[in-house]
Amino acid sequence: MPLSFRHLTSTKQLSRADADAVLSRAAAMDKVLAKGKPDDRMHGKILAALFYEPSTRTRLSFETAMLRLGGQVITADGFQFSSLYKGETIEDTITMVSQYADIIAMRHPEQGSADKAASVSLVPFINAGDGPGQHPTQALLDLYTIAKERGKVDGLRVAMVGDLKFGRTVHSLTFLLGLYKDLHFTYVSPKELKIPEKVTSFLKEKDIPFEEMTTFDGAFDADIIYMTRIQKERFADASEYERLKHVYVLHADQLKGKNATVLHPLPRVGEIDPDVDALPNAAYFRQAKNGVPTRMALIEMLLEG
Ligand code: NCD
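Residues numbered from 1 in each chain as written. Predicted model: local features only at pLDDT ≥ 70, side-chain atom pairs only at ≥ 80, totals over all residues. Heavy atoms only, no water.

What follows covers the pairing of strand β6 (residues 184-188). With 5 of 5 residues buried, β6 lies mostly within the body of the structure. Burial of β6 is two-sided: the residues H184, T186 and V188 facing one way and the residues F185 and Y187 facing the other way are all buried. Alignment of strand β5 (residues 157-161) against β6, held across 5 bridges, turns out to be parallel. Paired with V158 across the strands is F185, a residue of β6. In the sheet, β6 pairs with strand β7 (residues 210-213) via 4 bridges, with the strands oriented parallel. From the neighbouring strand, V188 faces β7, where its bridge partner is M213. The β-α-β motif built from β6, the intervening helix α8 (residues 197-205) and the parallel element β7 has right-handed crossover chirality. (Buried < 20%, exposed > 50% of the residue type's maximum accessible area, 1.4 Å probe, protein only. Helix = DSSP H or I, 4+ residues; strand = E, 2+ residues; numbered from the N terminus. Pairing = 2+ DSSP bridges. Right-handed = clockwise from strand over helix to strand, strands pointing away.)

This part covers the layout of surface pockets. Of the voids in this model, the largest pocket is the one considered here, and its volume is about 470 Å³. Together, 24 residues line the largest pocket, and R107, R168, R229, L266 and P267 are the ones closest to its centre. Only α2 (57-68) and α7 (168-177) provide two or more residues apiece to the lining of the largest pocket. Of the residues that constitute the lining of the largest pocket, the class distribution is 7 nonpolar, 10 polar and 7 charged. Two domains each donate at least three residues to the lining of the largest pocket, and these are domain 1 (11-135 + 291-304) and domain 2 (136-288). When its volume is computed, the second largest pocket comes out at roughly 280 Å³. (1 Å grid on protein atoms, 1.4 Å probe; cavity = no way out; pocket = protein on both sides within 12 Å on 5 of 7 lines; lining within 4 Å. Points joined across faces, edges and corners; volume = space filled by probe spheres on them. Nonpolar A, V, L, I, M, F, W, Y, C, P; charged D, E, K, R; others polar. Domains from an automatic or database assignment.)

The domains assigned to the chain are domain 1 (11-135 + 291-304) and domain 2 (136-288). A C-alpha centroid distance of 24 Å is found between domain 1 and domain 2. The interface is formed by 33 residues belonging to domain 1 together with 28 residues belonging to domain 2. For the pair domain 1 and domain 2, the summed buried surface comes to about 2,500 Å²; carbon and sulfur atoms form 58% of the total. Between the two partners, domain 1 and domain 2, sit 4 salt bridges. Between K148 and D30 there is a salt bridge; the shortest N-O distance is 2.9 Å. Across the contact surface, domain 1 and domain 2 share 19 residue pairs in polar contact (both at pLDDT 80 or more). Mapped onto the side of domain 1 that touches domain 2, the elements with two or more residues apiece are α1 (16-35), α2, β4 (125-130) and α11 (291-304). (Contact = heavy atoms within 4.5 Å. Buried area = accessible area lost by both parts, 1.4 Å probe. Salt bridge = Lys/Arg side-chain N within 4 Å of Asp/Glu carboxyl O. Polar contact = N/O pair within 3.5 Å; in protein donor to acceptor, adjacent residues only side chain to side chain.)

The environment of the ligand is made up of R57, T58, R107, H135, Q138, R168, T169, R229, Q231, P265, L266 and P267. Within the side chain of R107, a nitrogen or oxygen atom sits 3.1 Å from an oxygen atom of the ligand. One nitrogen or oxygen atom from the main chain of L266 is found 2.9 Å from a nitrogen atom belonging to the ligand. For the ligand, the protein covers 94% of the area, taking 310 Å² as the surface of the free molecule. Among the cavities detected, the one that contains the ligand is the largest pocket. (Near = heavy atom within 4 Å. Areas by Shrake-Rupley, 256 points an atom, 1.4 Å probe, with all protein chains shown as cover. Sits in = over half its atoms within 2 Å of the grid points.)

A separate point is the packing of aromatic side chains. Each aromatic ring pair is specified by the distance between its two centres and by the angle formed by the two planes. In total, this model carries 8 aromatic pairs according to the counting rule given. Ring geometry for F166 against F235: centres 5.7 Å apart, planes inclined by 65°, an arrangement best described as edge-to-face. Of this pair, F166 sits in the loop between β5 and α7 while F235 sits in the loop between β8 (224-227) and α9 (238-244), and the two are 69 residues apart along the sequence. With a centroid separation of 5.5 Å and 50° between ring planes, the pair formed by F216 and Y248 is classed as tilted. Of the two residues, F216 sits in the loop between β7 and β8 while Y248 sits in the loop between α9 and β9 (261-263), which places them 32 residues apart along the sequence. Classification of Y248 as buried rests on a relative accessible area of 7%. A connected cluster of aromatic rings, assembled from ring pairs, spans F166, F235 and Y241. K12 extends its terminal NZ or CZ atom over the ring of F175, reaching a point 4.6 Å from the ring centre. Sitting above the plane of the F62 ring, R295 keeps its charged end 4.9 Å from the centroid. (Phe/Tyr/Trp six-rings, centres within 6.5 Å; stacked < 30°, edge-to-face > 60°. Lys NZ or Arg CZ within 6 Å of the ring centre and 35° of its normal.)

If you want it as structure tokens, here you go:
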């Protein structure tokens, strides 16, 4: 079944059928990767990777996904080296790039930039992060990781911790998990970095139970502990960042006797002590690996139309 959308800018676009279809295609892509043989189903196709904000995992896993499928990649990165810096509109950049490439992934610092891009793109467009807005492909790989690690998504208790205001992955993942049944959310953040109203109003509308707290202890009994980085680049006041940066740090001893799965979109900058890495709970590096099959799935599905 084809996806119900041509461009992916927000996880709010996905139906439950879309989410399940991406999960099963990602599992099929994991099998392709496990064979370790070249696959050329995207032969002759070009992905344009436009990254106007720093990225390592997202960009490299998009590129790896296209290359693993036998396609090719063209890239533009660094705002100051782009025509956007000269004053070109996002719409003009995308109109042009969509005449070069078959599919586009873009990261841009401005919230709403992805919708602007999708409104003019002649080829499937994927939001790879629009400022503090959304990051839908991260949410899909998070969902795939949760399904793989826990064997189910329904009925889980999910705690999200850290910068819930500017952390776009938290917004996208909440909307996506909202498609599943009997979830419970706990949002742990300093009061300055609370989960935005756009997310809580979504939860209220869908009658999904959630609680908000400032103390870390509330997270340890969850099935999923989703840690996030305090988003330094979004702070107007550097001293405010310094004050909040190490507000929650997860250590191995806090997980003793707990069967929580620990996720983090990465990069971590102190929120998870390396002593957690050796625990079976630590799923964040497996999560990063899952970015490749998930993006392979999405690229193929969007190009199938
Ligand atoms: C996240 C992002 O860019 O929003 N990183 C990622 O894509 N893996 C999280 C972050 O930067 O903190």
